[in-house]
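Now for the letters of each chain:
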Amino acid sequence: QVQLVESGGGSVQAGGSLRLSCAASIDIISFNYMSWYRQAPGSQRELVAGITRYGSTNYADSVKGRFTISKDSAENTVYLQMNKLKVEDTAVYYCSVKWERAVTTDYWGQGIQVTVFS
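Residues numbered from 1 in each chain as written. Predicted model: local features only at pLDDT ≥ 70, side-chain atom pairs only at ≥ 80, totals over all residues. Heavy atoms only, no water.

*Asks:* Just to check I follow, could you spell out the state of the cysteines for this structure?
*Replies:* Here, disulfide denotes a covalent bond that connects the sulfur atoms of two cysteines. The full count for this structure, using the stated rule, is one disulfide. Note on cysteine connectivity: Cys22 is disulfide-linked to Cys95, with sulfurs 2.1 Å apart. When the S-S torsion is -75 degrees, as for the bridge of Cys22 with Cys95, the disulfide is left-handed. One end of the pair, Cys22, is in strand S3 (residues 18–24); the other, Cys95, is in strand S9 (residues 91–100), and 73 residues separate them in sequence. The exposure classification of Cys22 matches that of Cys95, with both residues buried. (Disulfide = S-S within 2.5 Å. Helix = DSSP H or I, 4+ residues; strand = E, 2+ residues; numbered from the N terminus. Buried < 20%, exposed > 50% of the residue type's maximum accessible area, 1.4 Å probe, protein only.)

*Asks:* Teacher, can you tell me more about the pairing of strand S8 (residues 77–82) here?
*Replies:* Regular strands have side chains that alternate between both faces of the sheet. Of all six residues making up S8, five are buried, and the element is well covered by its neighbours. Note that strand S7 (residues 67–72) and S8 share six bridges and pair antiparallel. Within S8, the position partnered with Thr68 by the bridge is Gln81. (Pairing = 2+ DSSP bridges.)

*Asks:* Is there a simple way to explain the sheet that holds S7 in this structure?
*Replies:* Hydrogen bonds between backbone groups are what pair the strands of a sheet, and the pairing can be parallel or antiparallel. Across the sheet, four strands lie side by side as S1-S3-S8-S7; this open sheet has antiparallel pairing. Two strands in the sheet have a free side with no partner beyond their single neighbour: strand S1 (4–7) and S7. Sheet twist, expressed as the average angle between the axes of neighbouring strands with direction ignored, equals 15 degrees. (Axes fitted to C-alpha atoms, helices over the stretch in contact; angles between N-to-C directions.)

*Asks:* In this structure, what is going on with the pattern of salt bridges? I would like to understand it.
*Replies:* Once the charged atoms of two side chains with opposite charge are near each other, the side chains can pair. In the structure shown here, the tally under the stated rule is five salt bridges. Measuring nitrogen to oxygen at the nearest pair gives 2.9 Å for the salt bridge that ties Asp89 to Arg38. In this pair, Asp89 sits in the loop between S8 and S9 while Arg38 sits in strand S4 (residues 33–39), placing the two residues 51 residues apart along the sequence. Residue Asp89 is classed as buried on the basis of its relative accessible area, which comes to 1%. A salt bridge links Asp61 to Lys64; its shortest N-O distance comes to 3.1 Å. Relative accessible area serves as the criterion here: at 66%, Asp61 is assigned to the exposed category. Salt bridges sharing common partners tie together Arg38, Glu46, Arg66 and Asp89. (Salt bridge = Lys/Arg side-chain N within 4 Å of Asp/Glu carboxyl O.)

*Asks:* Quick question: what am I supposed to make of the environment of Val97 here?
*Replies:* Structurally, Val97 is set in strand S9. In this structure the C-alpha to C-alpha distance between Val97 and Val78, which are 19 residues apart in sequence, comes to 9.9 Å. The residues contacting Val97, other than those within four sequence positions of it, are Val2, Leu4, Phe31, Tyr33, Met34, Thr105, Asp106 and Tyr107. (Contact = heavy atoms within 4.5 Å.)

Have a look at this one:
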């Protein structure tokens, strides 16, 4: 069983920055893919950013150039640096990892609120 604990959320004025952290209970080199999703009220959960075991990254168009995903294997943590935040970035953000073994399993954190006010 993998546990993921998110931190770093909160409220920030538009144009500001936040850094989300997701600490995993096991060595993150085990994971094929680590990602951040978000879900705003009344909307579906959407992929924000992802990073592969080898460090390749991908981003939603809406956050390209503003958000950066990274990982620290020594800390077993994946980060999401969010700059130039917009009101529309307001959502609950979830960390997720994909672990491919005999069966591929996705694990999720509990979610953390990010609120951007104008």
